[in-house]
Amino acid sequence: MDKKKQSLYGQLVDTIRESIQNELKPHDLLPSERELAEIYGVSRTTVRLAMQELEHLGFIYKKHGKGTFVSSISDSILNLTGAYSFTEQMQSMGKKPETIILDFTVIESNKYFSENLGIYKGSKIIKIKRLRLADGEPMMLERTYLPYKRFESLTSEMLEKKPMYDIFLDTYNEKIKSAEEEFYASIVSKKDAENLKVPDGSAALNLIRKTLNQENEVIEYTLSVARADQFRYKVLHKRT
């Protein structure tokens, strides 16, 4: 790409991004590539490259047969650096979230989970395995562990009807104060590959999440495997 085309492409990315941030609302429909080319006086190739970049940055999303829409990137970033919710994240991107409960059992905590949940070894914990989908496409497999004494009445039916963090607040009055999260690249295991509908050995993003309430007590410990080809993780760092 020559310098002139690069300059036009970069200018168009900045111009559309500013329009999205200052004039448009999440999920607004954007003009077609042909219309944008006419509006800004550039080629459709330049428009296409700019839109690809904006989609990569998370400012827009596409729906097959319906067009291109404004995403809620600021909400997405906020969710990931605060009380992250898969449901809210997918909705902010214009996708329909869905959760399938694959396992819901009460087990005894071993040393590893006892240390991470801050409870005695042998204490009861709730083990939840959930497949998270967006627009019918498997995105993430979550294995969540909760202290049983805190959530004794929790059922799989409740989780199928309502996001877990909403249940924490509305049913158990547990307000999230913070969450610690680690993530690293890995390879999907054969068992998880079947659930995520990817070939065995595909690239994955593993996440380890520990959620604390207002009293700094751990109320959730989750191990997740996300499809690297579908799930994008964005964190905003602000310098103060």
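The following paragraphs examine the structure supplied in this document. Predicted model, so just to flag it, every value in this text is computed and none were measured.

**Observations concerning the packing of helix α2 (residues 33–40) against helix α3 (residues 44–57)**
Stage number 1. Running from N to C, α2 and α3 point in directions that differ by 110°, and their axes come no closer than 9 Å. In this view, α2 runs roughly perpendicular relative to α3, as classed from their interaxial angle. The handedness of the crossing between α2 and α3 is right-handed. Contacts between α2 and α3 involve E33, R34, L36 and A37 on the former and, on the latter, R44, V47, R48 and M51.
Stage number 2. A class-by-class count of the residues in the contact of α2 with α3 yields four nonpolar, no polar and four charged.

**Observations concerning unusual backbone geometry**
Stage number 1. Although it is not a glycine, D135 sits at a positive phi angle of roughly 55°.
Stage number 2. In this structure, D135 sits in the loop between β4 (124–134) and β5 (137–147).

**Re the nonpolar core**
Stage number 1. L12, I16, I20, V47, M51, L54 and I60 are the most contacted members of the largest nonpolar core, which has 16 residues in total.
Stage number 2. For this core, the elements supplying multiple residues, two or more each, are α1 (3–22), α2 and α3.
Stage number 3. Here this core gets five residues from one element, more than from any other, and that element is α1.
Stage number 4. The residues contacting M51, other than those within four sequence positions of it, are I16, L30, L36, I60 and T68.
Stage number 5. Membership of the second largest hydrophobic core comes to 13 residues, among which are L146, F151, F168 and I219.

**A short note on the pattern of salt bridges**
Close approach of charged atoms lets side chains of opposite charge pair.
Stage number 1. Applying the stated rule across the entire model yields twelve salt bridges.
Stage number 2. For K25, the salt bridge identified is with D28, shortest N-O distance 4.0 Å.
Stage number 3. We note a salt bridge from E181 to R209, for which the minimum N-O separation is 3.2 Å. A residue pair is termed long-range when its members are at least 10 positions apart, and E181 in strand β6 (residues 176–187) and R209 in strand β7 (residues 203–213) qualify at 28 residues.
Stage number 4. Taken together, the salt bridges that share partners define one network made up of R130, R132 and E142.

**Looking at the pairing of strand β2 (residues 67–70)**
Stage number 1. Two strands pair when backbone bridges link them, and strand β1 (residues 60–63) and β2 are joined in this way by four bridges, in the antiparallel orientation. Directly across from I60, in β2, lies its bridge partner V70.
Stage number 2. Taking the residues that link successive antiparallel strands as the turn, the β1-β2 hairpin has three residues, and the phi of G65 there is positive, at about 80°.

Reading the values: rules and limits
Residues numbered from 1 in each chain as written. Predicted model: local features only at pLDDT ≥ 70, side-chain atom pairs only at ≥ 80, totals over all residues. Heavy atoms only, no water. Axes fitted to C-alpha atoms, helices over the stretch in contact; angles between N-to-C directions. Helix = DSSP H or I, 4+ residues; strand = E, 2+ residues; numbered from the N terminus. Parallel < 35°, antiparallel > 145°, perpendicular 65-115°, else oblique. Left-handed = near helix turned anticlockwise from the far one by under 90°. Contact = heavy atoms within 4.5 Å. Nonpolar A, V, L, I, M, F, W, Y, C, P; charged D, E, K, R; others polar. Core = buried A, V, L, I, M, F, W, Y, C linked by side-chain atoms within 4.5 Å. Buried < 20%, exposed > 50% of the residue type's maximum accessible area, 1.4 Å probe, protein only. Salt bridge = Lys/Arg side-chain N within 4 Å of Asp/Glu carboxyl O. Pairing = 2+ DSSP bridges.

By themselves, these figures tell us nothing about what the structure is for.
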